[in-house]
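# Understanding the architecture of this molecule
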Amino acid sequence: MASAAPSTQLSKTGLYDFHVANGAKMVPFAGYSMPLQYGDVGGGQYFDVKHECWSVKRDAGLFDVGHMVQSFITGPSATAFLEWLTPSALSELKPFHSTLSVLLNDKGGIIDDTVICKHSDDKYYVVTNAGRRVEDLAWFEQKLKEWNASDKSSSGKVSLEVLDGWGLVALQGPEAAKVLQSHVKEDLGKLYFGQSGYFDVAGVKCHVARGGYTGEDGFEISIPPEKTVEITELLSKSPVELTGLGARDSLRLEAGMCLYGHDLNEDITPVEAGLSWVIGKSRRENGTFIGASTVLQQLKDGPSKRRVGFVIADVPAREGAKVFSPAEEIGVITSGIPSPTLSQNIAMGYIKNGFHKKGTEVLVEVRKKMRKATVRPMPFVPAKYHREQ
């Protein structure tokens, strides 16, 4: 989960000075000045990003994701409220378990993708994209006003608290657990993918969630503002390497994960996006979420287009490249890179229903030439999450 949006006046996370001091190349991203990569290992930008990707896969990398919007949604009817805004079965989620979800508009389009962690029936920790901050918060406020003025809130009103200034870092890779465990007393081996909790990290109370945006094992750690730099410095010691947006984008695409504003938008539904799994079985039966009419119809009849993966010959295809069958235009690329792990040109995009099956051969227009490509399932690289057996 991530987002990109242009901005003329850039914000800074609490780690901006830390990034500059560590040789980061800062770039605009989602309204923030964020690190694209660190240092210069030689060979140009692509080689530097590839080096950071391999650091994450070999040992561990540390990403600043403090630009994301962290919030608490609380109140006696918080579960019902969030089940109105999303198609997820949150009432069935156990305390301190989380799920990827989507905020939907009235037509079933995705306003944003989000990670929702249930602390209790009346308290949720929600992370949304920085590039959608204005839209998301306006949507929350509008819907909270409607909810709290209706009979739906008869059990108690719901409120939103935005955790502005809080740090958020993602420690990712096979050595991530070992590194974090050295600063935490509790056994992190018992914290599985999709679970979270409050832990004292070197004496600082932090919210620690097992998961991330790379396909590797890891943690996302929410840190009090006054302790963000201190904890980040502690976690960034060897074998951990600082890693930037370039590596994060490559790893998330290899893992088959969407980037809002590219692979997702308000005209794309979760069914079209291949995210039907976020729609709980009970939600399909009761249909009480915003946008349910369109979503449930697509679940029944199938969508007109589907998000798929591609492997492309010769050269990488970038966002906007058109996809063709021998007879017609059938789709578009939304993200594409030369994969650091696979040494292949990979991409994701949307294709006309019927052409979405594994192994289907298509053509992608790159640099005014038709390139051979093959539809393939995602993830391109298998995930390595620490799951409960």
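Residues numbered from 1 in each chain as written. Predicted model: local features only at pLDDT ≥ 70, side-chain atom pairs only at ≥ 80, totals over all residues. Heavy atoms only, no water.

### Details of the pattern of salt bridges
The full count for this structure, using the stated rule, is 13 salt bridges. Beyond isolated ion pairs, a larger network of salt bridges with shared partners links Lys57, Glu216 and Lys384. (Salt bridge = Lys/Arg side-chain N within 4 Å of Asp/Glu carboxyl O.)

### Notes on the packing of aromatic side chains
Counting across every chain of the model gives six aromatic pairs. Centroid distance Trp84 to Trp147: 5.7 Å. Interplanar angle 35°. Geometry classified as tilted. Of this pair, Trp84 sits in helix H3 (residues 78–85) while Trp147 sits in helix H4 (residues 133–148), and the two are 63 residues apart along the sequence. With a centroid separation of 6.2 Å and 80° between ring planes, the pair formed by Phe96 and Tyr198 is classed as edge-to-face. (Phe/Tyr/Trp six-rings, centres within 6.5 Å; stacked < 30°, edge-to-face > 60°. Helix = DSSP H or I, 4+ residues; strand = E, 2+ residues; numbered from the N terminus.)

### Description of the side chain of Asp263
With respect to the secondary-structure elements, Asp263 resides in the loop between helix H7 (245–254) and helix H8 (281–286). Among the polar contacts listed, one links the side chain of Asp263 to the backbone nitrogen of Leu259, at a separation of 2.8 Å. Within the structure, Asp263 has its side chain in polar contact with the side chain of Thr334 (distance 2.6 Å). (Polar contact = N/O pair within 3.5 Å; in protein donor to acceptor, adjacent residues only side chain to side chain.)

### Here's the deal with unusual backbone geometry
A cis geometry characterises the amide bond from Ser238 onward to Pro239, with omega recorded as 15°. With phi around 60°, Phe96 is a residue other than glycine that occupies positive phi space. In this model, Asp314 sits at a positive phi of 75°, which is unusual for a non-glycine residue. Along the chain, Asp314 falls in the loop between strand S14 (305–312) and strand S15 (322–324).

### A closer look at the environment of Leu342
Assignment of secondary structure puts Leu342 in the loop between strand S16 (329–338) and strand S17 (345–352). With relative accessibility at 28%, the residue Leu342 sits in the partly exposed group. A sequence separation of 14 residues divides Leu342 from Glu328, and the C-alpha atoms of the two residues are 30 Å apart. Excluding its chain neighbours within four sequence positions, the residues that come into contact with Leu342 are Glu254, Phe380 and Val381. (Buried < 20%, exposed > 50% of the residue type's maximum accessible area, 1.4 Å probe, protein only. Contact = heavy atoms within 4.5 Å.)

### So, the nonpolar core
Ranked by internal contacts, the top residues of the largest apolar core, which has 27 residues, are Leu171, Leu180, Val208, Phe219, Ile221 and Leu235. Elements with a contribution of two residues or more to this core: strand S3 (60–64), strand S9 (167–172), helix H5 (176–181), strand S10 (196–201), strand S11 (204–210), strand S12 (218–223), helix H6 (228–235) and strand S13 (240–242). In terms of residue count, the dominant contributor to this core is H5 (four residues). Discounting residues that sit within four places of it in the chain, Leu171 has contacts with Ala60, Gly61, Leu62, Ala176, Val179, Leu180, Asp217, Gly218, Phe219, Ile221, Leu235 and Val240. With 20 residues, the next largest nonpolar core counts Ala78, Phe81, Val126 and Leu144 among its residues. (Core = buried A, V, L, I, M, F, W, Y, C linked by side-chain atoms within 4.5 Å.)

### Digging into the layout of surface pockets
Roughly 1,200 Å³ of volume is contained in the largest pocket. Along the walls of the largest pocket sit 49 residues, with Leu100, Phe193, Met257, Trp277 and Tyr385 positioned nearest its centre. Among the residues forming the lining of the largest pocket, the class breakdown is 27 nonpolar, twelve polar and ten charged. (1 Å grid on protein atoms, 1.4 Å probe; cavity = no way out; pocket = protein on both sides within 12 Å on 5 of 7 lines; lining within 4 Å. Points joined across faces, edges and corners; volume = space filled by probe spheres on them. Nonpolar A, V, L, I, M, F, W, Y, C, P; charged D, E, K, R; others polar.)

### Brief notes about the sheet that holds strand S8 (residues 159–162)
The antiparallel open sheet is built from five strands, whose spatial order is S5-S6-S7-S4-S8. Strands at the two margins of the open sheet, each flanked by one partner only, are strand S5 (97–104) and S8. Each adjacent strand pair in this sheet contributes to an overall mean axis angle of 30°, direction not counted. Here strand S4 (residues 69–74) pairs with S8 via four bridges, running antiparallel. The partner of Ile73 across the bridge, within S8, is Leu160. Running at roughly 155° to S8, H4 makes contact with S4, S5, strand S6 (110–120), strand S7 (123–128) and S8 of the sheet. (Pairing = 2+ DSSP bridges. Axes fitted to C-alpha atoms, helices over the stretch in contact; angles between N-to-C directions.)

### Some details on the confidence of the model for the protein
For the protein, per-residue confidence averages 95 on the pLDDT scale, and residues scoring 70 or more make up 96% of the total. The low-confidence segment residues 2–7, where pLDDT is below 50, has 24 contacts with residues more than four positions distant or belonging to other chains. (pLDDT = per-residue confidence, 0-100.)

### Section: H6
Residues Thr228, Ile231, Thr232 and Leu235 constitute the buried set of H6. Within H6, the buried residues cover an arc of 100° as seen down the axis, which keeps them to one side. (Arc of directions from axis to C-beta.)

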